[in-house]
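Fold and geometry: a report
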Amino acid sequence: MAFIKNIATAATDSELVLQYRNTGNLNVLGTLYNRYMDPVYGVCLKYLQDPDEAKDSVMLIFEELVTKLKKYEVSNFRGWLWQLARNHCLMKIRSDKKRPVNVDTDLVYLADNWHPDNELQKEALMNDMEYCLEQLPGEQQKAVRLFYLEEKCYKEIAETTGAELKKVRSFIQNGRRNLKICMEGQAGKQQTL
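On a predicted model such as this, the values are computed, not experimentally measured, just so you know.

1. Focus: the overall build of the chain
When you go through the chain residue by residue, the secondary structure sums to ten helices and zero strands. The order of helices and strands in the chain, counted from the N terminus, is α-α-α-α-α-α-α-α-α-α. Here the chain holds 193 residues, and 31% of them are scored as buried. Sequence-distant contacts, at least 24 apart, represent 58% of the contacts inside the chain between residues at least 6 apart. Accessible area of the chain: about 12900 Å², with a carbon and sulfur share of 53%.

Structure below.
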């Protein structure tokens with residue numbers, strides 16, 4: 001048995017992925033995942049900010065691997081695992097209603113002297129946001145609305161729009177950048193008034 005164990009630990013990630021896909025042997029998957037458990041814990045701790053939640057997530061990610069590794073073609077296991085861990089944590093954060101929501105500072109530009117002390121200022125900002133959203137090209141606008149306002153994940157957006165995952169990611173990134181530029185322009189107009 002020790003001979004088989006040594007072969008498994010000497011195998012590359014790609015060989016272990018292939019072996020797991022062919023046999024479904026959880027020991028092989030465990031050997032592969034064990035190589036990256038500490039860094040996966042680090043990723044989870046970074047996003048979740050709670051050691052116990054991070055430990056739980058490490059185990060939940062392993063459970064996800066059991067099915068997802070058979071389902072998807074993985075050429076770079078390490079990179080794919082980082083993305084899986086990151087997405088797992090982001091989905092956990094989104095689904096946890098008790099967790100405080102962090103505002104994406106790249107999404108909304110606020111002038112240094114702006115304080116939402118009264119309803120008129122809040123309403124003006126929301127009007128500017130809606131105006132800028134409407135200025136986005138169709139695909140970007142739909143992807144940004146689905147992601148930020150309806151809190152859909154990339155996969156759900158891809159299914160809704162019929163676009164590829166890479167396109168969805170591009171639409172959201174470009175839409176967010178264009179929205180920020182427009183909001184900065186709107187804030188500049190408000191200051192000159």
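2. So, a positive patch on the surface
On the surface, a cluster of positive charge is contributed by Lys46, Arg86, Lys166 and Arg169. By the secondary structure assignment, arginine 169 is in helix H10 (residues 165–192).

3. Looking at the environment of leucine 165
Tracing the chain through its elements places leucine 165 in helix H10. The class of leucine 165 is partly exposed, set by a relative accessible area of 44%. Taking the C-alpha atoms as reference points, leucine 165 and lysine 155, separated by ten residues in sequence, lie 6.6 Å from one another. Not counting residues within four places of it along the chain, the set of residues in contact with leucine 165 comprises Tyr154, Lys155 and Ala158.

4. Some details on the pattern of salt bridges
Using the criterion set out here, one finds four salt bridges in the structure. With its nearest N and O atoms 2.6 Å apart, the salt bridge here joins aspartate 13 to arginine 35. With aspartate 13 in helix H2 (residues 13–23) and arginine 35 in the loop between helix H3 (26–34) and helix H4 (37–48), the pair connects residues that are 22 residues apart, well separated along the chain. Relative accessible area serves as the criterion here: at 17%, aspartate 13 is assigned to the buried category. Its relative accessible area of 30% is what places arginine 35 among the partly exposed residues. Residue lysine 68 pairs with glutamate 64 through a salt bridge whose shortest N-O separation is 3.0 Å. With a gap of four residues between them, lysine 68 and glutamate 64 both fall in helix H5 (residues 51–71), about one helical turn apart.

5. Regarding the environment of aspartate 38
Structurally, aspartate 38 can be placed in helix H4. The exposure class of aspartate 38 is exposed, given its relative accessible area of 66%. The spacing of aspartate 38 and lysine 55 is 17 residues in sequence and 9.9 Å in space, taken between C-alpha atoms.

6. Things to note about the nonpolar core
Residues Val40, Leu69, Phe77 and Leu81 are the most contacted members of the largest nonpolar core, which totals 26 residues. Contact partners of leucine 81, with chain neighbours within four places excluded, come to Tyr33, Tyr36, Val40, Ile61 and Leu65.

7. Side note on H5
The end-to-end C-alpha distance of H5 is 30 Å, a good match for the 30 Å that 21 residues give at a rise of 1.5 Å each. Its axis deflected by about 35 degrees at leucine 65, H5 carries its strongest bend there. Three or more residues of H5 are buried, namely Glu53, Ala54, Ser57, Val58, Ile61, Phe62, Glu64, Leu65 and Leu69. Where H5 is buried, its residues meet H2, H3, H4 and helix H6 (77–95). A side-chain oxygen of the first residue of H5 lies 2.8 Å from the backbone nitrogen of aspartate 52; this N-cap is aspartate 50.

8. Focus: the environment of glutamine 135
With respect to the element layout, glutamine 135 can be found in helix H7 (residues 119–135). Taking the C-alpha atoms as reference points, glutamine 135 and glycine 175, separated by 40 residues in sequence, lie 9.9 Å from one another.

9. Concerning the state of the cysteines
Linking two cysteines covalently via their sulfur atoms produces the bond known as a disulfide. Following the criterion strictly, the structure yields one disulfide and no others. Sulfur-sulfur distance for the disulfide between cysteine 132 and cysteine 182 comes to 2.1 Å. Between cysteine 132 and cysteine 182, the S-S dihedral sits near -75 degrees, and the bridge is therefore left-handed. Here the residue cysteine 132 occupies a position in helix H7, and cysteine 182 occupies one in helix H10, the gap between them amounting to 50 residues. Grouping residues by exposure puts cysteine 132 and cysteine 182 together as buried.

Reading the values: rules and limits
- Residues numbered from 1 in each chain as written.
- Predicted model: local features only at pLDDT ≥ 70, side-chain atom pairs only at ≥ 80, totals over all residues.
- Heavy atoms only, no water.
- Helix = DSSP H or I, 4+ residues; strand = E, 2+ residues; numbered from the N terminus.
- Buried < 20%, exposed > 50% of the residue type's maximum accessible area, 1.4 Å probe, protein only.
- Contact = heavy atoms within 4.5 Å.
- Areas by Shrake-Rupley, 256 points an atom, 1.4 Å probe, with all protein chains shown as cover.
- Patch = residues over 30% accessible without salt bridge, like charges linked within 9 Å, V, L, I, M, F, W, Y side chains within 5 Å.
- Salt bridge = Lys/Arg side-chain N within 4 Å of Asp/Glu carboxyl O.
- Lys, Arg positive; Asp, Glu negative; His and termini not counted.
- Charge placed at Lys NZ, Arg CZ, Asp CG, Glu CD.
- Core = buried A, V, L, I, M, F, W, Y, C linked by side-chain atoms within 4.5 Å.
- Expected span 1.5 Å × (residues − 1).
- Bend = angle between axes of the 7 residues up to and from the residue.
- Polar contact = N/O pair within 3.5 Å; in protein donor to acceptor, adjacent residues only side chain to side chain.
- Disulfide = S-S within 2.5 Å.

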